[in-house]
Amino acid sequence: MIPKKLIEQGFSKAADDYDKYTFLQKKVGAELIRLLDEDRKEYNLILDIGTGTGYLLRQLSLRYPCALLFGLDISFQMLLKAKAARIKGHLMQADAEELTFKKGRFDLAVSNLVYQWLSDLDKAFIQVWQVLDKRGKFYFTFFGRDTLSELKECLKAVKSEGSFKNLPSEELVYRKLNASGFKGIEIVSLREEELFSDFFSLLKWLKLSGVNRAGVRFRGLEAKGVLNKMDKIYAHNFRHNGKVFASFEKVIVKAEK
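From a predicted model like this one, the values you see are computed outputs, not experimental measurements.

### Overview of the side chain of Glu-31
Along the chain, Glu-31 turns up in helix 3 (residues 23–39). Under the relative-accessibility criterion, Glu-31 is labelled buried at 14%.

Set out below in structure tokens:
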């Protein structure tokens, strides 16, 4: 389990440069908006869980101009960035596992790449179910289990003490959503590769996008020798057109109350 304080600190430290490095998060968020476009339903009260600097909240304000929007995030620094960008909506610092809204408050809840970091999905999904009205819908994305498989392989090869948080599988998420009371659950998984100039550029991206501190834990990787070994293995095994690649399993979910 990753302490929530550690997650908050990781994303708060990444806040200043977050928008420069979150090309993947924005890409996945755009896919979420396209799914909502296919829904064709107009929503009046919308909750964005893990709003960050407000990218998804801004897209929602354009898609639903008459809706009342709420964005919450565990990182206060992220919310300050969203406020400075004049993102439409009510912003608040809150934990996705501790939603304090009135039951049945929202007709739509959304979240982009948040739930893979949570330690108690049962509690988190029940919280969403409770704040949705009787016909409410829940759309969200998360990084699946096969994300960063290349980096995991390199870690194993050098026998480092580094460790990864176990990211959730589609089966686990489906089971926990169902147990929380959701129905009409639809899950689509897509695998995508992103290119980086080298191994160290990948590590830098992980750090500046908040992912390293929140989802991938390293012990002893500060040792220059270990990093150099991983660099050589990565460049040899996972190189394409002069760059290295990293795989991400993007999982998109739709559920109904």
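### Re the nonpolar core
Tyr-115 and Phe-138 are the most contacted members of the largest nonpolar core, which totals 29 residues. If you list the elements that add at least two residues to this core, you get strand 1 (45–49), strand 2 (68–73), strand 4 (106–112), helix 6 (121–131), strand 5 (132–143), helix 8 (170–179) and strand 10 (243–256). No other element matches helix 6, which puts five residues into this core. Once residues within four sequence positions are removed from consideration, Tyr-115 is found in contact with Ile-49, Leu-121, Ala-124, Phe-125, Val-128, Phe-138 and Phe-140. Grouped together as the second largest cluster of nonpolar side chains are 25 residues, Val-28, Leu-113, Val-158 and Met-230 included.

### A word on the confidence of the model for the protein
Put simply, the protein has an average pLDDT of 88, and 84% of its residues get 70 or more. Ranking the helices and strands of the protein by mean pLDDT puts strand 1 first, with 98, and strand 8 (residues 216–217) last, with 49.

### Regarding the pattern of salt bridges
In this structure the tally under the stated criterion is 10 salt bridges. The residue Lys-137 makes a salt bridge to Asp-39 at a minimum N-O spacing of 3.2 Å. Separated by 98 residues along the polypeptide, Lys-137 in strand 5 and Asp-39 in helix 3 bring together distant segments of the chain. By relative accessible area, Lys-137 is classed as buried at 14%. One continuous salt-bridge network, built from bridges that share partners, spans Lys-27, Glu-31, Glu-192, Glu-194 and Lys-250.

Parameters at a glance
- Residues numbered from 1 in each chain as written.
- Predicted model: local features only at pLDDT ≥ 70, side-chain atom pairs only at ≥ 80, totals over all residues.
- Heavy atoms only, no water.
- Helix = DSSP H or I, 4+ residues; strand = E, 2+ residues; numbered from the N terminus.
- Buried < 20%, exposed > 50% of the residue type's maximum accessible area, 1.4 Å probe, protein only.
- Core = buried A, V, L, I, M, F, W, Y, C linked by side-chain atoms within 4.5 Å.
- Contact = heavy atoms within 4.5 Å.
- pLDDT = per-residue confidence, 0-100.
- Salt bridge = Lys/Arg side-chain N within 4 Å of Asp/Glu carboxyl O.

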